[in-house]
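Observations on the three-dimensional arrangement
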Amino acid sequence: MRIFQVIENLVYGDAISNYCRNIYKLLKERGYETAIFAVHYDKRLDDEKVLSIDDLPELLKDDLMIYQMCQKSMINKMITNWKCKKACIYHNVTPAHFFFPYDVFQSAFQKRGLREINKLNKSFDYIWGDSFFNCQDLISMGYDKNKVAVSPIIIDFDDFLQEPDEKIRKKYSDEWVNILFVGRVAPNKKHEDIIRIFTYYKKYVNQKSRLILIGSFFNAAYQNCLERYVEELDVKDVIFPGHISFKEILGFYKTANVFLCMSEHEGFCVPLLEAMLFDIPIIAFDCTAVPETLGESGILVQEKNPAQVSFIIDQVINNAELQREIIEKQRKRLDDFAFEKVGREFLKQIEQISLE
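1. Considerations on the sheet that holds strand β13 (residues 299-301)
Reading across from one edge, β10-β9-β8-β11-β12-β13 is the order of the 6 strands in this open sheet, with parallel pairing throughout. The open sheet has two free edges, formed respectively by β10 (238-242) and β13, since each of these has just one partner strand. Each strand of the sheet is rotated relative to its neighbour by a mean of 25°, with strand direction disregarded. Sheet topology note: the strand β11 (residues 258-261)/strand β12 (residues 282-285) ladder contains 3 bridges and is parallel.

What follows is the structure, encoded as structure tokens:
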């Protein structure tokens, strides 16, 4: 059985793209003939495992096609013509209303993507979501609940063992508190809420603090709104590093004291696991897949009250016993996503498919 993956965008540093490549790694090591076919892909990933969708070979009945499904795509139209075994891994689609104030086109794009995915509800033999939240979303669109199953995202934590950027590490390793969030600077991530909380924390709790918001900007309109918001609040030390190298990201993780997530839509939220890996206490808004990914770890907040969240940050920073307890629970939760464990379970499902 040949196993191919198809994806709309394979992007350097993207969580779904890394997941796709980790699946390739597992399948290759197990001896399967496999490849990734992408409509668009980063040339930095131009190697034997990544090919253009135009190079997709003629599919055989016993082939398995795995679709990394998360948006509007030409692949959504191609799927119905494939006569092989078909599976999807659903990563969710960010609701259109988040984008509407900043980009009407992107908002419409999100709506079309959701409609296309909805129409595919009878198209797959095997259906996975990388979280229970995503599985429920599929079921609400008419996907067969008896076929839908959770298959957690596969992350190779060994990738994070390389040396971090030394300049970043030295620059931010001081007596200041570093509050970190990692993720595309997009409206659903609610960077404005993080900034508002940080403003209160810096002005009323700890002046020696900085906020580091790593990620590429969704678009100029949202970027301008955030930059103007920082000016209006008259708060200093809000840092937007942009789309930086992996080693630079590691440098920021190494120096962070708290990971603060106020996102209102996550299908999984991989940076939460990354924060766990670096023993950074997590404070997150209780929404969508975030509580599922955290499990019993981290601190979930039900409201985004700046004073309350600032008090929690202060407690996490200064209460050694609380900090130790949070980190211990996060380490335990991280074990649930160990590469060997999750990869082994994924391969069991693949082997079962090969027997059918």
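There is more to say after this.
2. Description of the packing of aromatic side chains
What the rule picks out here adds up to 13 aromatic pairs. With 5.7 Å between their ring centres and 55° between their planes, tryptophan 128 and phenylalanine 346 make a pair best called tilted. Of the two residues, tryptophan 128 sits in strand β6 (residues 126-129) while phenylalanine 346 sits in helix α13 (residues 339-355), which places them 218 residues apart along the sequence. Relative accessible area serves as the criterion here: at 1%, phenylalanine 346 is assigned to the buried category. Plain terms: the ring middles of phenylalanine 181 and phenylalanine 259 are 5.6 Å apart, the flat faces sit at 50° to each other, and that makes the pair tilted. Placement of the pair is phenylalanine 181 in strand β8 (residues 177-182) and phenylalanine 259 in strand β11, with a sequence separation of 78 residues. Its relative accessible area of 0% is what places phenylalanine 181 among the buried residues.

3. Considering the sheet that holds β6
Spatially, the 7 strands line up as an open sheet ordered β3-β2-β1-β4-β5-β6-β7, and their pairing is parallel. Unpaired on one side and paired on the other, β3 (50-52) and β7 (148-150) mark the two borders of the sheet. When strand polarity is set aside, the average angle formed by the axes of neighbouring strands in this sheet is 30°. Across 4 bridges, the pairing between strand β5 (residues 85-90) and β6 is parallel. Residue tyrosine 90 lies in a different strand from β6, and its bridge partner there is glycine 129. In the packing of α13 onto the sheet, the strands contacted are β1 (3-10), β4 (64-69), β5 and β6, and the crossing angle to β6 comes to about 170°.

About the thresholds
- Residues numbered from 1 in each chain as written.
- Predicted model: local features only at pLDDT ≥ 70, side-chain atom pairs only at ≥ 80, totals over all residues.
- Heavy atoms only, no water.
- Pairing = 2+ DSSP bridges.
- Helix = DSSP H or I, 4+ residues; strand = E, 2+ residues; numbered from the N terminus.
- Axes fitted to C-alpha atoms, helices over the stretch in contact; angles between N-to-C directions.
- Phe/Tyr/Trp six-rings, centres within 6.5 Å; stacked < 30°, edge-to-face > 60°.
- Buried < 20%, exposed > 50% of the residue type's maximum accessible area, 1.4 Å probe, protein only.
- Contact = heavy atoms within 4.5 Å.

That's the geometry; what it means functionally is another story.
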